[in-house]
Amino acid sequence: MTYQWNSKETIGLLGELAAIPSPSGYTMEIMDTIKKMMTSWNIDHITTNKGGVIATIRGENDERHRLLTAHVDTLGAMVKEIKPSGRLKLSLVGGFKFNAIEGENCLIHTSSGKILSGTILLHQTTVHVYKDAGTAERNADNVEVRIDEKAFSEDAVRELGIEVGDFISFDPRFTTTKSGFVKSRHLDDKASTALLLELMKHLSGSSEKLPYTTHFYISNNEEIGYGGNSNIPAQTEEYIAVDMGAIGDGQTSDEYTVSICAKDSSGPYHYGLTRHLIDLAKNNKIEHKVDIYPYYGSDASAAMSAGYDVKHALFGPGIEASHSYERTHTDSLKASAALLYAYVMSPLVS
């Protein structure tokens, strides 16, 4: 392999992406940032009507195509109601639980462009007042946003410019450790996006020629189920979702290898393409695990549901505590980068 993965550069890019608020439905800034990167690398790309970006690097064979996708949209929330107290009721965006965001700092993005800060708290947080502080259900009725302004009524909050339907993003709290861990919200799926972008940057400045024309689809609605499953070029034969590996009891995936998914809640991934990825990992001595994700769906599985006639597969870095305060390790990022490169340089599955 000639691709030399740059850990420092990749993690720097990941930190940059993590810092840009991008809950599903509010991804304009991060997509503009990514398009500027692609333009600076002289990579052809288009923007879909839904706001996703498809970049294309031509290969020696321009009749048979493959596509890889990662998503930059994240979990988030919207203002459901302004309470008489001046606090905000939430409507969640994406699949997660209220307990995963309790105590988190957040930003409220108003329609005028004004951004206000706050904290997501249980209404009964004060243990010196509420007997049920530890037992109250964490739900839409009990969890609220405490705005960092002197606004203690609905009218006062509206005067700040906050209205129902405004987006709320969560503080990513991106950090790295000397032992190689990366901790942040939204590693799902900004870690994979950083890996795809770094590979694209390498290919744009390299004399290497891809064997097949390859599309890189940065999607922006995956967390709500319909990200990279439209505008797929007709010549596409293989569709790879580059997304997080799920870690937990009964799982083989970990934070130190690339995770290859054999099956998720939608059913098995394409057998031949999945075996091809496993063989690439073995032949290139890439540390990997094969796994089943029981409560998971990807843009690749969404594309299958939409009726696309493609072979589909899924792999990516192992992410601990998915849809909460997530963590991975540089070893997993490195292994995922190696499999990405091995795949785009490999033959199509017959």
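The preceding data block contains the structure.
**Quick look at unusual backbone geometry**
Cis peptide bonds are those with omega within 30 degrees of zero, and the linkage from D188 to D189 qualifies with 5°. Among the structural elements, D189 can be located in helix α4 (residues 187-204). The phi dihedral of H186 falls on the positive side, at around 70°, and the residue is not glycine. Residue position: H186 is located in the loop between β11 (181-184) and α4.

**Examining the environment of G113**
Turning to its location among the elements, G113 is positioned in the loop between β6 (105-109) and β7 (115-122). The spacing of G113 and G161 is 48 residues in sequence and 9.3 Å in space, taken between C-alpha atoms.

**Here we look at the sheet that holds β11**
Spatial strand order, β10-β11-β19: three strands in an open sheet with antiparallel pairing. In the strand order of this sheet, the two ends are held by β10 (175-176) and β19 (326-329), each with one partner. One ladder, built from two bridges, connects β10 with β11; its direction is antiparallel. The residue of β11 that forms the bridge with T176 is V182.

**Details of the side chain of K89**
With respect to the element layout, K89 can be found in strand β5 (residues 88-93). On the basis of relative accessible area, K89 is assigned to the buried category, the value being 17%. At a separation of 3.1 Å, a polar atom in the side chain of K89 contacts the side chain of D141. What K89 contacts, discounting residues up to four positions off in sequence, is M78, V79, K80, E81, K83, A140 and D141.

**Some details on the pattern of salt bridges**
Per the counting criterion, the structure on display carries 16 salt bridges. Between K35 and D32 there is a salt bridge, with its nearest N and O atoms 3.6 Å apart. Taken together, the positions of K35 and D32, both in helix α2 (residues 28-40) and three residues apart, correspond to about one turn of that helix. A residue is classified by how much of its surface remains accessible, and K35, at 21% relative accessible area, is partly exposed. In this structure, the salt-bridge partner of D141 is K89, at a minimum N-O distance of 3.1 Å. Taken as a pair, D141 in the loop between β7 and β8 (143-147) and K89 in strand β5 lie far apart in primary sequence, 52 residues in all. Residue D141 is classed as exposed on the basis of its relative accessible area, which comes to 52%. In the salt-bridge network here, residues are joined through shared partners; they are E81, K89 and D141.

**Brief notes about the layout of surface pockets**
The computed volume of the largest pocket comes to approximately 420 Å³. Around the largest pocket, the lining is made up of 22 residues, and of these M244, A246, Y295, Y296 and S322 lie nearest the centre. For the lining of the largest pocket, a count of residues per class yields eight nonpolar, eight polar and six charged. As for the second largest pocket, its lining consists of N42, I43, D44, T56, I57, R58, L203, S204, E208, K209 and L210. Those elements that place two or more of their residues in the lining of the second largest pocket are β2 (53-57) and α4. Residue classes in the lining of the second largest pocket are distributed as four nonpolar, three polar and four charged.

Calculation criteria
Residues numbered from 1 in each chain as written. Predicted model: local features only at pLDDT ≥ 70, side-chain atom pairs only at ≥ 80, totals over all residues. Heavy atoms only, no water. Helix = DSSP H or I, 4+ residues; strand = E, 2+ residues; numbered from the N terminus. Pairing = 2+ DSSP bridges. Buried < 20%, exposed > 50% of the residue type's maximum accessible area, 1.4 Å probe, protein only. Polar contact = N/O pair within 3.5 Å; in protein donor to acceptor, adjacent residues only side chain to side chain. Contact = heavy atoms within 4.5 Å. Salt bridge = Lys/Arg side-chain N within 4 Å of Asp/Glu carboxyl O. 1 Å grid on protein atoms, 1.4 Å probe; cavity = no way out; pocket = protein on both sides within 12 Å on 5 of 7 lines; lining within 4 Å. Points joined across faces, edges and corners; volume = space filled by probe spheres on them. Nonpolar A, V, L, I, M, F, W, Y, C, P; charged D, E, K, R; others polar.

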